[in-house]
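If you want the building blocks of each chain, they are given just below.
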Amino acid sequence: MLANKSLSGLASLAPPTCPINKRLRCEPVAADGRAIMFLFQLLNFFFSASKNEDVSKYDLSLYKRGDLLEVPRTLFTHFGIYLGDNRVAHLIPDILPVITRNKSAIAKMVTNNRLLLGVITKAASVRVDSVVDFAYGSEILVNHMDRVCSQPPLDGDEVAKRAEKLLGSVTYSLLWYNCEHYVMYCRYGMAISYQTYQFCTTLRKIVCSRMNSYLTALCGAAALLYLGCVTPLTVLATLLVSFTIWMAA
């Protein structure tokens, strides 16, 4: 599709601000789109696995409107809100809307390659998929967060209405706005992420540790000696960084 250099091909790739009738201005956009699509297809060739799951694997009678569903996905847990009738609303990163406007391609199940590239580009959307496409072949936990969150869940219909109201494109942030923030707001009224908190806590223990302050001072001193730039200012900067880490430990 992207290799097609016809006017209609350019129209599907060009952003709204790029006039289709100005062919020379649109050609770089098309070239960039082809390059990104080639990279995506290359990754898909090497790493994607077939996920042709039968809907019969999941008993839809177990899910009620407003239930919070979670499945393991890549390095983290993925969350969604069940809307009823085999529909799940979830916030998921996806690179494909950035490089094409083919709605039928975008509507297909988001593979892990699309997801990871979407995380890098911060491109995401709150979309509705079937239970099969949402689960991506994994087992589904239902309302597990009810045992973790101290806040009682809202009424199921209110949860689903909140989830439906937020449908559409969003700017993704792994730390500040991910799928867990979305479902926690819908079900409990507060946009928090336990995964983010655990990640930041672990990172803080690694970075802000006494051992790291020692290593920073030693590496800084070694770098200054190696580069031959030992001056009062560089020594003060090295000590200040090490001292800051020491105080934060």
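Details of the structure are given in the entry above.
Report follows, based on the coordinates. (Residues numbered from 1 in each chain as written. Predicted model: local features only at pLDDT ≥ 70, side-chain atom pairs only at ≥ 80, totals over all residues. Heavy atoms only, no water.)

Details of the sheet that holds strand 3 (residues 87-93)
Adjacent strands of a sheet form backbone hydrogen bonds with each other and so pair up, either parallel or antiparallel.
Part 1: Pairing in this open sheet of six strands is antiparallel, and the strands run 5-1-2-3-4-6 from one edge to the other. Two strands lie at the open edges of the sheet, namely strand 5 (141-142) and strand 6 (168-171), each paired on one side alone.
Part 2: Pairing of strand 2 (residues 76-84) with strand 3, which is carried by three bridges, proceeds in the antiparallel orientation. Opposite Ile 81, over in strand 3, you have Ala 89 as the bridge partner. (Pairing = 2+ DSSP bridges. Helix = DSSP H or I, 4+ residues; strand = E, 2+ residues; numbered from the N terminus.)

Details of the environment of Leu 68
Part 1: Summarising the element assignment, Leu 68 is placed in strand 1 (residues 68-73).
Part 2: Sequence separation between Leu 68 and Cys 186 is 118 residues, and the spatial gap between their C-alpha atoms is 9.1 Å.

Some remarks on the pattern of salt bridges
Part 1: Scanning the entire structure with this criterion turns up eight salt bridges.
Part 2: The salt bridge partner of Glu 164 is Arg 65, with a shortest N-O separation of 3.4 Å. On the criterion of sequence distance, the pair formed by Glu 164 in helix 7 (residues 156-165) and Arg 65 in the loop between helix 2 (23-47) and strand 1 is long-range, its members being 99 residues apart.
Part 3: You can call Arg 65 partly exposed: its relative accessible area is 30%.
Part 4: In this structure, Asp 146 and Arg 187 form a salt bridge, with 2.9 Å as the shortest nitrogen-oxygen distance. One end of the pair, Asp 146, is in the loop between strand 5 and helix 7; the other, Arg 187, is in helix 8 (residues 179-188), and 41 residues separate them in sequence.
Part 5: On the basis of relative accessibility, which here comes to 28%, the residue Asp 146 falls in the partly exposed class.
Part 6: Accessibility expressed as a relative area gives 7% for Arg 187, which makes it buried.
Part 7: Overlapping salt bridges, with partners in common, bring together Arg 65, Asp 157, Lys 161 and Glu 164 in one network. (Salt bridge = Lys/Arg side-chain N within 4 Å of Asp/Glu carboxyl O. Buried < 20%, exposed > 50% of the residue type's maximum accessible area, 1.4 Å probe, protein only.)

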